[in-house]
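Chain and residue survey
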Amino acid sequence: MLRRRVITVLTFVDGVLFRTKLFDPDYRYTLSFVDTWSIDEIVVLDISRSPEEGRGRFAEVVRNIAQSCFVPLAVGGGVRSVDQVKRYLDLGADKVVVNTGAVENPSLISDIAAAYGNQCCVVSIDAKMHNDRKYEVFTHFGTQPTGMTPAEWAGRATERGAGEILVNSIDRDGSLSGYDIDLCRSVTAATSVPVLICGGAGNWKHFLEGLTSGGADAVCTNNIYHFTEVSIQSAKTFLARNGIPVRQ
Amino acid sequence: MIGIVDYGLSNLTCVEAAVRRFGFETEIGSRPDMLDRADKIILPGVGAFGDAMRNLRQSGMTEALDRHVRQKRKPFLGICLGAQLICRDSDEHGHHEGLGWIDASVRRIAAEAPLRIPHVGWDDLRMQPHAKSLLFENIPADALFYFTHSHAIYPSSGEVVTAYCEYGQRFAAAVQTDGNIHATQFHPEKSQRYGLALLENFLRQS
C-alpha cells in the first residue's frame with residue numbers, strides 16, 4: 001500500500017540554507033544537519049533574487065545532495081523554461097517545482113510534462129487568506145496577487161499536466177501553529193494528483209492533521225528542527241501509532 | 001565496467017553515484033560503442049516513451065542493445081522508463097513501439113479515485129515466490145521502494161513478473177527474462193537501503 005510521505009523542504013538563498021521567513025538566514029546549519037535516511041523525499045528551493053552567482057552555488061548544493069542522498073529530490077526556484085528543467089534534472093533532480101513561472105505561462109507545465117512526464121512537474125502554490133476567509137494565490141515570493149483561488153489554480157494546473165501540487169500557506173509559514181487545513185482540503189478536493197501540504201508544521205499532531213483532516217498525500221516541513229534523523233523517526237512513529245501508513 | 005545509457009532524457013547522476021558507491025567503474029554514453037566496453041548495462045529513464053525510443057533509434061542504440069543484451073546476454077537492468085522501454089509498446093502520447101524484449105504493454109495506470117495518479121511515493125511489492133530474482137536476494141518481502149510514474153507495465157502473462165505492485169489493477173513492479181534481462185518500475189537509486197541493496201545484487205552477480 002502506498003505510504004504517506006514526510007518531506008523536508010530546504011530553502012536556499014545564494015547557496016546558503018535559509019530558515020523560514022520569520023527567521024534570519026542562519027549559517028550554522030549545513031547539509032550534514034539534514035537526515036537522509038528516514039526522510040522520504042527532499043525538496044530544495046532556490047529563493048535567491050540575485051541571478052548568476054547565487055545560482056551557481058545552488059547548483060553545487062543540488063549536485064551534492066543528489067550524489068549523497070539516495071532519496072527522491074525535487075528542485076525549484078525561478079523555473080521558467082524547459083531548458084532550466086533539463087539543467088536541474090542533469091544535476092540530479094527527479095522532479096522540478098514550478099511556481100510563478102507556471103502562473104505566468106501555464107504552457108510551461110504541459111511542456112515539462114510532454115518532455116519529461118507529468119510526475120516530473122510539481123506545481124507549487126503559495127496562498128494567503130483574506131479576511132473573509134477566502135484564499136488567493138500569490139506569486140513572486142508571495143507579493144503579487146493573481147485573483148485565483150488555490151482550488152481554481154490547482155484544477156487548471158492539473159489539466160495542464162501537473163504531476164503533484166504543493167500547497168503552501170504564506171500566513172502559516174514559519175509559525176509552528178499547524179497547517180491551514182481548510183486550505184489543504186480546498187486543494188485536495190480540486191485535483192486528482194497527489195497533494196503536498198506545507199507551511200506551519202510545528203509538532204507531529206500537525207502532520208497527522210494534514211494527512212487526515214487535510215487529506216494530503218504528503219506533509220512538508222521546512223522547520224530545521226525537524227531535519228534530524230531522530231526527529232523524522234519520531235514523527236513517523238507517532239504517525240504510525242495513529243494509523244497512518246508510513247515508511248519506517 | 002558498467003555502461004549507463006544516456007539517451008538525453010534521463011537523470012543519470014544518482015544511478016552513477018550509486019554504482020560508484022559499490023566500487024564499480026562506470027561509463028555514461030549515448031553511442032553504441034560504449035556497450036562494447038560494458039560488462040553490464042543499465043538503462044535508466046525519466047521522460048516520454050516516444051521521445052526515448054526515437055533517441056535510442058537515432059543513435060543506433062536499439063541495435064546495439066539487441067546485440068549486447070539479447071545476443072551476447074550481458075546483464076541488463078532497466079529502470080523506470082528504462083523498464084518500460086523493453087516492452088512491446090506504449091500508449092503514452094500516442095502509440096509507440098518499444099524494444100519488444102517482453103510481451104507486455106505500457107499503459108496509463110489503471111486506478112480510480114481515491115487513488116491518485118501519478119503513483120508517487122514509497123510502496124510495497126508482491127514478490128512472486130515462483131520467480132525468484134537475484135535482484136531481491138536478501139531483501140525482505142515487505143521492503144518499500146520509490147515509485148513515480150503515470151504509466152505502468154501490464155504483461156500478457158505473469159511469467160516475466162518477479163514482483164507486482166498493487167495500485168488499482170496490479171502492474172509489474174519488476175520483471176526478468178532470459179536470465180540476464182532485469183527491469184524495475186521503481187527507482188532503486190532513489191530507494192535508499194533496499195534500493196541500493198538491489199543494485200548491489202545486480203552489480204555483483206557473476
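Throughout what follows, the structure given in this document is the object of discussion. Predicted model only: the values in this text are computed from it and were never measured.

Remarks on the pattern of salt bridges
According to the stated counting rule, one finds 25 salt bridges over all chains in the structure shown. Here Arg 3 of chain A ties to Asp 124 of chain B by a salt bridge, and the two come within 2.9 Å at their closest N and O atoms. Linking Arg 3 of chain A in the segment before strand E1 (5-13) with Asp 124 of chain B in strand E8 (residues 119-124), this pair reaches from one chain into another. Per residue, the accessibility class of Arg 3 of chain A equals that of Asp 124 of chain B, and both read buried. With a shortest N-O distance of 2.5 Å, Lys 95 of chain A and Glu 41 of chain A are connected by a salt bridge. Residue Lys 95 of chain A is found in strand E5 (residues 95-98), and its partner Glu 41 of chain A is found in strand E3 (residues 41-46); the two are separated by 54 residues along the sequence.

A look at helix H2 (residues 82-91) of chain A
All names here are of chain A. Restricting attention to buried positions, one finds in H2 the residues Gln 84, Val 85, Tyr 88, Leu 89 and Leu 91. The buried residues of H2 occupy one face: seen down the axis, they fall within an arc of 160 degrees. Opposite the packed face of H2, turned more than 90 degrees from it, sit the exposed residues Asp 83 and Arg 87. Following H2 by one or two positions, Gly 92 has its phi on the positive side, about 125 degrees.

Some thoughts on the environment of Thr 228 of chain A
Residues and elements named next belong to chain A. Position of Thr 228 among the secondary structure elements: in the loop between strand E11 (218-221) and helix H8 (229-241). Given a relative accessible area of 28%, Thr 228 falls into the partly exposed group. Sequence separation of Thr 228 and Ala 66 is 162 residues, and the distance between their C-alpha atoms is 18 Å.

Structural notes on the pairing of strand E1 (residues 2-5) of chain B
Here is the key point about a regular strand: its side chains alternate between the two faces of the sheet. All names here are of chain B. Covered by surrounding structure in E1 are Ile 2 and Ile 4 together with Gly 3 and Val 5, the residues of both alternating faces. By the bridge criterion, 3 bridges tie E1 to strand E3 (residues 40-43) in an arrangement that is parallel. Within E3, the residue paired with Ile 4 across the bridge is Ile 42. Viewed along the sheet, the connection from E1 through helix H1 (residues 13-21) into strand E2 (residues 26-29) turns out right-handed.

Description of the interface of chain B and chain A
Tallying the contact residues gives 34 residues for chain B and 40 residues for chain A. Buried surface at the junction of chain B and chain A, summed over both partners, amounts to about 3,000 Å²; 52% is from carbon and sulfur atoms. For the chain B face of the interface with chain A, the top three residues by lost area are Arg 116, Trp 122 and Gln 192 of chain B, together amounting to 25%. Inspection of the region where chain B meets chain A yields 3 salt bridges. In this assembly, chain B and chain A are joined by 18 residue pairs in polar contact (both at pLDDT 80 or more). At the level of secondary structure, the elements contributing two or more residues to the side of chain B that touches chain A comprise H1, E8, strand E10 (144-149) and helix H6 (192-204) of chain B. Here the element with the most residues in the side of chain B that touches chain A is E8 of chain B; it accounts for 6 residues. Each residue belonging to the side of chain B that touches chain A can be placed in one class, and the counts come to 14 nonpolar, 12 polar and 8 charged.

Conventions we followed
- Position labels on residues start from 1 in each chain and follow its written sequence.
- Chain letters and ligand numbers both follow the written order, the letters beginning at A and the numbers at 1.
- Where local features are concerned, this predicted model is filtered to residues with pLDDT of at least 70; where side-chain atom pairs are given and counted, the filter is 80 or more; whole-chain, interface and lining totals use all residues.
- With hydrogens and water set aside, each side-chain value is computed from the structure's full complement of heavy atoms.
- Whenever Lys or Arg places a side-chain nitrogen within 4 Å of a carboxyl oxygen from Asp or Glu, that contact is recorded as a salt bridge.
- In DSSP terms, a helix is any run of H or I states spanning at least four residues, a strand is any run of E spanning at least two, and both are numbered starting from the N terminus.
- Exposure categories follow from relative accessible area, calculated using a 1.4 Å probe and restricted to protein chains: below 20% of the type maximum is buried, above 50% is exposed, and the middle band is partly exposed.
- Starting at the helix axis, one direction is taken to each C-beta atom, and the arc is that of these directions.
- Note on pairing: two strands pair once DSSP finds at least 2 bridges between them.
- With strands facing away from the observer, any crossover in which the path from the first strand over the helix to the second runs clockwise is taken as right-handed.
- Residue contacts follow a heavy-atom distance rule, with two residues in contact if any of their heavy atoms lie within 4.5 Å.
- Buried area adds together the accessible area that both of two parts lose upon being put together, with accessible area traced by a 1.4 Å probe.
- We call two N or O atoms a polar contact when they sit within 3.5 Å, provided that within protein one can donate a hydrogen and the other can accept it, with sequence-adjacent residues counted only if both atoms are side-chain atoms.
- Any residue outside Ala, Val, Leu, Ile, Met, Phe, Trp, Tyr, Cys, Pro, Asp, Glu, Lys and Arg is labelled polar, Gly included; the first ten of those are nonpolar and the last four are charged.

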